[in-house]
Amino acid sequence: MISPLPIAGGSVACGAAAMAWAVRGRSSAVFGPSVWRGPRARRALALTFDDGPSEDTPRILDILSAHGVAATFFPCGANVERLPELARAVALAGHEIGNHGYNHPLCCFRSREFIAADMERAQQVILERTGVRPAWYRAPYGVRWFGMRRAQRQLNLQGIMWTVIGYDWNLRAEAVVERMAGRASNGAILCLHDGRELRTRPDIGTTIEAVRRLVPLLLDQGYKLETVSRLLCPTT
Ligand SMILES: [Zn+2]
(Lines give C-alpha, C1' and ligand atoms only; values in the text may rest on other atoms or scores of the structure.)
Protein backbone atom coordinates (compact mmCIF):
# COMPACT_ATOMS: atom_id res chain seq x y z
CA MET A 1 0.00 0.00 0.00
CA ILE A 2 1.28 3.41 -0.85
CA SER A 3 1.70 5.66 2.10
CA PRO A 4 -0.76 8.53 1.93
CA LEU A 5 1.93 10.97 2.95
CA PRO A 6 3.83 11.23 -0.35
CA ILE A 7 0.54 11.52 -2.20
CA ALA A 8 -0.63 14.22 0.14
CA GLY A 9 2.74 15.95 -0.13
CA GLY A 10 2.69 15.70 -3.91
CA SER A 11 -0.79 17.03 -4.03
CA VAL A 12 0.12 19.97 -1.82
CA ALA A 13 3.23 20.70 -3.92
CA CYS A 14 1.18 20.47 -7.09
CA GLY A 15 -1.50 22.71 -5.60
CA ALA A 16 1.12 25.25 -4.55
CA ALA A 17 2.68 25.25 -8.01
CA ALA A 18 -0.72 25.72 -9.63
CA MET A 19 -1.49 28.57 -7.24
CA ALA A 20 1.88 30.21 -7.94
CA TRP A 21 1.15 30.04 -11.65
CA ALA A 22 -2.38 31.38 -11.15
CA VAL A 23 -0.99 34.36 -9.21
CA ARG A 24 2.17 35.11 -11.22
CA GLY A 25 1.99 33.23 -14.53
CA ARG A 26 2.00 35.62 -17.45
CA SER A 27 -0.73 33.65 -19.24
CA SER A 28 -2.88 33.04 -16.15
CA ALA A 29 -6.43 34.36 -16.29
CA VAL A 30 -7.52 32.63 -13.09
CA PHE A 31 -8.15 35.91 -11.25
CA GLY A 32 -9.59 37.79 -14.21
CA PRO A 33 -9.35 38.10 -17.98
CA SER A 34 -5.77 38.86 -18.91
CA VAL A 35 -3.78 39.19 -22.10
CA TRP A 36 -0.07 38.50 -22.40
CA ARG A 37 0.58 38.75 -26.14
CA GLY A 38 -1.00 39.99 -29.34
CA PRO A 39 -1.72 38.23 -32.61
CA ARG A 40 1.22 36.65 -34.40
CA ALA A 41 -0.02 37.52 -37.88
CA ARG A 42 1.47 41.03 -38.04
CA ARG A 43 5.10 42.08 -37.57
CA ALA A 44 4.21 44.43 -34.75
CA LEU A 45 4.86 44.57 -31.03
CA ALA A 46 4.14 46.84 -28.08
CA LEU A 47 6.64 48.52 -25.81
CA THR A 48 5.22 49.11 -22.35
CA PHE A 49 6.58 51.07 -19.39
CA ASP A 50 5.50 50.51 -15.77
CA ASP A 51 5.94 52.45 -12.51
CA GLY A 52 6.14 55.96 -13.94
CA PRO A 53 6.05 58.75 -14.29
CA SER A 54 9.45 59.60 -12.85
CA GLU A 55 11.64 62.66 -13.23
CA ASP A 56 13.44 61.06 -16.21
CA THR A 57 10.35 59.88 -18.09
CA PRO A 58 10.82 62.78 -20.59
CA ARG A 59 14.11 61.19 -21.69
CA ILE A 60 12.21 58.10 -22.75
CA LEU A 61 9.57 60.24 -24.45
CA ASP A 62 12.36 61.95 -26.42
CA ILE A 63 13.72 58.65 -27.70
CA LEU A 64 10.27 57.40 -28.71
CA SER A 65 9.50 60.71 -30.39
CA ALA A 66 12.80 60.69 -32.32
CA HIS A 67 11.75 57.37 -33.86
CA GLY A 68 8.09 58.34 -34.24
CA VAL A 69 6.80 55.38 -32.25
CA ALA A 70 4.03 55.06 -29.68
CA ALA A 71 4.18 53.01 -26.49
CA THR A 72 1.92 52.23 -23.56
CA PHE A 73 2.65 53.53 -20.07
CA PHE A 74 1.30 51.96 -16.89
CA PRO A 75 1.84 54.67 -14.27
CA CYS A 76 1.20 54.32 -10.55
CA GLY A 77 -1.50 56.69 -9.31
CA ALA A 78 0.75 58.06 -6.55
CA ASN A 79 3.43 58.93 -9.09
CA VAL A 80 0.83 60.63 -11.29
CA GLU A 81 -0.20 62.80 -8.33
CA ARG A 82 3.45 63.59 -7.59
CA LEU A 83 4.32 64.47 -11.21
CA PRO A 84 1.05 65.34 -12.95
CA GLU A 85 2.70 67.42 -15.70
CA LEU A 86 4.81 64.46 -16.73
CA ALA A 87 1.81 62.15 -16.75
CA ARG A 88 0.04 64.65 -18.99
CA ALA A 89 3.09 64.92 -21.23
CA VAL A 90 3.00 61.16 -21.80
CA ALA A 91 -0.64 61.33 -22.87
CA LEU A 92 -0.13 64.44 -25.01
CA ALA A 93 2.73 62.73 -26.85
CA GLY A 94 0.19 60.20 -28.14
CA HIS A 95 1.09 57.26 -25.92
CA GLU A 96 -1.50 55.03 -24.34
CA ILE A 97 -1.98 55.11 -20.58
CA GLY A 98 -2.98 52.13 -18.48
CA ASN A 99 -3.54 51.55 -14.76
CA HIS A 100 -0.81 50.02 -12.55
CA GLY A 101 -2.52 50.61 -9.21
CA TYR A 102 -2.22 53.61 -6.92
CA ASN A 103 0.38 52.56 -4.35
CA HIS A 104 1.91 49.67 -6.31
CA PRO A 105 0.75 47.18 -3.68
CA LEU A 106 1.61 43.50 -3.59
CA CYS A 107 -1.96 42.23 -3.76
CA CYS A 108 -1.63 38.61 -2.63
CA PHE A 109 -3.43 38.01 0.68
CA ARG A 110 -5.01 41.47 0.47
CA SER A 111 -8.77 41.87 0.76
CA ARG A 112 -11.03 42.34 -2.22
CA GLU A 113 -11.92 45.77 -0.86
CA PHE A 114 -8.28 46.81 -0.63
CA ILE A 115 -7.57 45.66 -4.20
CA ALA A 116 -10.65 47.39 -5.60
CA ALA A 117 -9.90 50.64 -3.73
CA ASP A 118 -6.29 50.81 -4.96
CA MET A 119 -7.30 50.10 -8.56
CA GLU A 120 -10.16 52.62 -8.46
CA ARG A 121 -8.07 55.35 -6.84
CA ALA A 122 -5.45 55.00 -9.59
CA GLN A 123 -8.16 55.08 -12.25
CA GLN A 124 -9.61 58.31 -10.81
CA VAL A 125 -6.27 60.06 -10.43
CA ILE A 126 -5.16 59.18 -13.95
CA LEU A 127 -8.47 60.40 -15.37
CA GLU A 128 -8.34 63.65 -13.38
CA ARG A 129 -4.71 64.44 -14.16
CA THR A 130 -4.43 63.30 -17.77
CA GLY A 131 -7.99 63.22 -19.07
CA VAL A 132 -7.48 59.58 -20.05
CA ARG A 133 -9.61 56.73 -18.74
CA PRO A 134 -7.36 53.64 -18.87
CA ALA A 135 -8.69 50.49 -20.51
CA TRP A 136 -5.90 48.17 -19.31
CA TYR A 137 -4.81 47.11 -15.84
CA ARG A 138 -1.35 45.69 -15.20
CA ALA A 139 -1.20 44.21 -11.70
CA PRO A 140 1.77 45.46 -9.63
CA TYR A 141 4.55 42.82 -9.66
CA GLY A 142 2.35 40.89 -12.08
CA VAL A 143 0.64 39.40 -9.02
CA ARG A 144 -3.07 38.69 -9.41
CA TRP A 145 -5.42 37.87 -6.53
CA PHE A 146 -9.01 37.24 -5.53
CA GLY A 147 -11.09 40.33 -6.14
CA MET A 148 -9.22 41.56 -9.20
CA ARG A 149 -11.72 40.08 -11.64
CA ARG A 150 -14.61 41.97 -10.07
CA ALA A 151 -12.69 45.22 -9.60
CA GLN A 152 -11.53 45.14 -13.21
CA ARG A 153 -15.05 44.46 -14.43
CA GLN A 154 -16.46 47.34 -12.40
CA LEU A 155 -13.90 49.74 -13.85
CA ASN A 156 -14.13 48.24 -17.34
CA LEU A 157 -10.44 47.31 -17.23
CA GLN A 158 -8.86 44.41 -19.07
CA GLY A 159 -5.92 42.72 -17.37
CA ILE A 160 -2.63 42.69 -19.21
CA MET A 161 0.71 41.05 -18.54
CA TRP A 162 3.68 40.79 -20.89
CA THR A 163 5.37 38.43 -23.29
CA VAL A 164 8.90 39.49 -22.29
CA ILE A 165 9.96 41.40 -19.19
CA GLY A 166 13.22 43.35 -19.29
CA TYR A 167 14.48 43.08 -15.70
CA ASP A 168 15.68 46.60 -16.40
CA TRP A 169 15.74 47.37 -12.68
CA ASN A 170 18.35 44.67 -12.25
CA LEU A 171 20.31 43.94 -15.43
CA ARG A 172 22.78 46.09 -17.34
CA ALA A 173 21.46 47.85 -20.44
CA GLU A 174 23.27 45.50 -22.85
CA ALA A 175 21.71 42.49 -21.16
CA VAL A 176 18.25 44.07 -21.27
CA VAL A 177 18.61 44.78 -24.99
CA GLU A 178 19.94 41.31 -25.73
CA ARG A 179 17.13 39.70 -23.77
CA MET A 180 14.37 41.73 -25.38
CA ALA A 181 15.65 41.75 -28.94
CA GLY A 182 16.34 38.02 -28.71
CA ARG A 183 12.82 37.24 -27.54
CA ALA A 184 10.91 39.75 -29.65
CA SER A 185 8.33 38.15 -31.92
CA ASN A 186 5.19 39.11 -33.77
CA GLY A 187 2.57 40.31 -31.29
CA ALA A 188 4.97 40.46 -28.33
CA ILE A 189 4.31 42.80 -25.43
CA LEU A 190 7.61 44.01 -23.95
CA CYS A 191 7.71 45.30 -20.38
CA LEU A 192 10.18 47.95 -19.18
CA HIS A 193 10.01 50.56 -16.40
CA ASP A 194 10.16 54.36 -16.52
CA GLY A 195 10.07 54.48 -12.71
CA ARG A 196 10.98 52.25 -9.80
CA GLU A 197 7.76 51.61 -7.89
CA LEU A 198 7.03 54.79 -5.89
CA ARG A 199 10.60 56.05 -5.52
CA THR A 200 11.31 59.76 -5.95
CA ARG A 201 14.03 60.53 -8.51
CA PRO A 202 14.78 56.87 -9.24
CA ASP A 203 17.80 56.05 -11.35
CA ILE A 204 16.33 54.71 -14.60
CA GLY A 205 19.55 55.17 -16.57
CA THR A 206 19.63 51.48 -17.50
CA THR A 207 16.15 51.64 -18.96
CA ILE A 208 16.91 54.81 -20.92
CA GLU A 209 20.06 53.32 -22.40
CA ALA A 210 18.25 50.06 -23.20
CA VAL A 211 15.43 51.92 -24.96
CA ARG A 212 17.92 54.06 -26.88
CA ARG A 213 19.49 50.89 -28.31
CA LEU A 214 16.44 48.65 -28.50
CA VAL A 215 14.02 50.84 -30.46
CA PRO A 216 16.19 51.23 -33.59
CA LEU A 217 17.10 47.54 -33.36
CA LEU A 218 13.46 46.46 -33.37
CA LEU A 219 12.62 48.88 -36.19
CA ASP A 220 15.54 47.48 -38.20
CA GLN A 221 14.11 44.01 -37.65
CA GLY A 222 10.95 45.22 -39.39
CA TYR A 223 8.69 45.53 -36.36
CA LYS A 224 6.07 48.22 -36.05
CA LEU A 225 5.96 49.52 -32.48
CA GLU A 226 2.36 50.08 -31.44
CA THR A 227 0.27 50.84 -28.41
CA VAL A 228 -1.27 47.85 -26.66
CA SER A 229 -4.76 48.74 -27.89
CA ARG A 230 -3.62 48.99 -31.46
CA LEU A 231 -1.58 45.80 -31.25
CA LEU A 232 -4.51 43.86 -29.83
CA CYS A 233 -7.35 45.58 -31.70
CA PRO A 234 -5.92 46.84 -34.99
CA THR A 235 -8.34 49.15 -36.76
CA THR A 236 -6.66 49.21 -40.15
ZN1 LIG B 1 5.39 47.88 -11.26
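Refer to the structure printed above.
So, here is what we can say about the structure in this document. Remember, predicted model here, so these are calculated numbers, not experimental data.

So, the overall build of the protein chain
Of regular secondary structure, the protein chain possesses nine helices and nine strands. Radius of gyration (C-alpha) of the protein chain: 18 Å, near the 18 Å computed for a compact globule of 236 residues. The principal-axis extent of the C-alpha atoms belonging to the protein chain is close to 70 × 40 × 40 Å. Buried positions account for 51% of the 236 residues belonging to the protein chain. The contacts in the protein chain between residues at least 6 apart in sequence include a share of 77% that link residues at least 24 apart. Summing over all exposed atoms, the protein chain offers an accessible surface of approximately 11,100 Å²; the carbon and sulfur share of this is 55%.

Re the coordination of the zinc ion
Those donors, Asp51 (OD), His100 (NE2) and His104 (NE2), are the protein atoms that reach the zinc ion, and they lie 2.1 Å from it. By relative accessible area, which is 2% here, His100 ends up buried.

A closer look at the environment of Gly205
Structurally, Gly205 can be placed in helix α8 (residues 205-220). Under the relative-accessibility criterion, Gly205 is labelled partly exposed at 32%. Taking the C-alpha atoms as reference points, Gly205 and Arg172, separated by 33 residues in sequence, lie 9.7 Å from one another.

Section: the packing of helix α7 (residues 173-183) against α8
Two elements in contact, α7 and α8, have axes separated by 8 Å at closest approach and are oriented at 40°. By the angle class used here, α7 and α8 are oblique. Handedness of the α7/α8 crossing: right-handed. Contacts between α7 and α8 involve Ala173, Glu174, Val176, Val177, Met180 and Ala181 from the former and Thr206, Glu209, Ala210, Arg213, Leu214 and Leu217 from the latter. In terms of residue class, the contact of α7 with α8 is made up of eight nonpolar, one polar and three charged.

Focus: the state of the cysteines
Applying the stated criterion across every chain, the model contains zero disulfides. No disulfide involves Cys108; its sulfur sits 8.0 Å from that of Cys107, the nearest cysteine. The exposure class assigned to Cys108 is partly exposed, which follows from its relative accessible area of 22%. There is no disulfide at Cys191, and the cysteine sulfur nearest it, in Cys76, is 11 Å away. Its relative accessible area of 0% is what places Cys191 among the buried residues.

Remarks on the side chain of Asp194
Along the polypeptide, Asp194 turns up in the loop between β8 (189-193) and α8. As a buried residue without a salt bridge, Asp194 has its nearest oppositely charged side chain in Arg196, at a separation of 7.3 Å. Not counting the four nearest positions on each side in its chain, Asp194 is found in contact with Phe49, Asp50, Asp51, Gly52, Pro53, Ser54, Thr57, Ile60, Phe73 and Ile204.

Brief notes about a positive patch on the surface
Taken together, the side chains of Arg112, Arg149, Arg150 and Arg153 present a region of like positive charge at the surface. By residue number, the principal contributor to the positive patch is helix α6 (residues 148-154), which donates three residues. For Arg150, the position within the fold is in helix α6.

Reading guide: rules and limits
Residues numbered from 1 in each chain as written. Predicted model: local features only at pLDDT ≥ 70, side-chain atom pairs only at ≥ 80, totals over all residues. Heavy atoms only, no water. Helix = DSSP H or I, 4+ residues; strand = E, 2+ residues; numbered from the N terminus. Rg over C-alpha atoms; globule rule 2.2 N^0.38 Å. Buried < 20%, exposed > 50% of the residue type's maximum accessible area, 1.4 Å probe, protein only. Contact = heavy atoms within 4.5 Å. Areas by Shrake-Rupley, 256 points an atom, 1.4 Å probe, with all protein chains shown as cover. Donors = N, O, S within 2.8 Å, 3.2 Å for Na, K, Ca; no water. Axes fitted to C-alpha atoms, helices over the stretch in contact; angles between N-to-C directions. Parallel < 35°, antiparallel > 145°, perpendicular 65-115°, else oblique. Left-handed = near helix turned anticlockwise from the far one by under 90°. Nonpolar A, V, L, I, M, F, W, Y, C, P; charged D, E, K, R; others polar. Disulfide = S-S within 2.5 Å. Lys, Arg positive; Asp, Glu negative; His and termini not counted. Salt bridge = Lys/Arg side-chain N within 4 Å of Asp/Glu carboxyl O. Patch = residues over 30% accessible without salt bridge, like charges linked within 9 Å, V, L, I, M, F, W, Y side chains within 5 Å. Charge placed at Lys NZ, Arg CZ, Asp CG, Glu CD.

In short, geometric facts, not functional conclusions.
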